[in-house]
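Descriptive structure summary
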Amino acid sequence: MTPDPATLIRDGLALDADQRAVVANALLESLHDAGDTSEVDALWRAEATRRLAEVRAGAVELVDADEHYDRLRASLTV
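Residues numbered from 1 in each chain as written. Predicted model: local features only at pLDDT ≥ 70, side-chain atom pairs only at ≥ 80, totals over all residues. Heavy atoms only, no water.

Within an unreviewed UniProt entry, the label attached to the protein chain reads Putative addiction module component, and the organism entered is Tessaracoccus bendigoensis DSM 12906.

Structure (C-alpha cells):
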C-alpha cells in the first residue's frame, strides 16, 4: 500500500532541519535523472573554494541575511 502524501508530509515536518534537508534532497533528485553528477559536483566544489578564498582574503563584503533581504526589498520598491 502506498503511504498517504499528507501523512508523509506531516511525518517529514516532524524531522529536524538536517533530516528534512536530506529527505528534500533525495526527493528532488528523484525528480531529475541526473545521471553522473561528478562533473557538476566538482564545479560546485571549485566555486565554493573560490568564494571561501575571497572571504578569507577580505575581497568581498559579508552581509547578514536579514540586511541582504532588507536591501533587496528596498531595491524592489520604486
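Still more to cover.
The next point concerns the pattern of salt bridges. This model, assessed by the stated rule, comprises 7 salt bridges. We note a salt bridge from Arg51 to Glu47, for which the minimum N-O separation is 2.8 Å. Placement of both Arg51 and Glu47 in helix H3 (residues 38-57) is noted, with a separation of 4 residues, approximately one turn of the helix. For Arg51, a relative accessible area of 48% corresponds to the partly exposed category. A salt bridge links Arg71 to Glu67; its shortest N-O distance comes to 2.6 Å. (Salt bridge = Lys/Arg side-chain N within 4 Å of Asp/Glu carboxyl O. Helix = DSSP H or I, 4+ residues; strand = E, 2+ residues; numbered from the N terminus. Buried < 20%, exposed > 50% of the residue type's maximum accessible area, 1.4 Å probe, protein only.)

Entries for the protein chain in the domain assignment read domain 1 (1-31) and domain 2 (37-76). One C-alpha centre belongs to domain 1, the other to domain 2, and the line joining them spans 28 Å. (Domains from an automatic or database assignment.)

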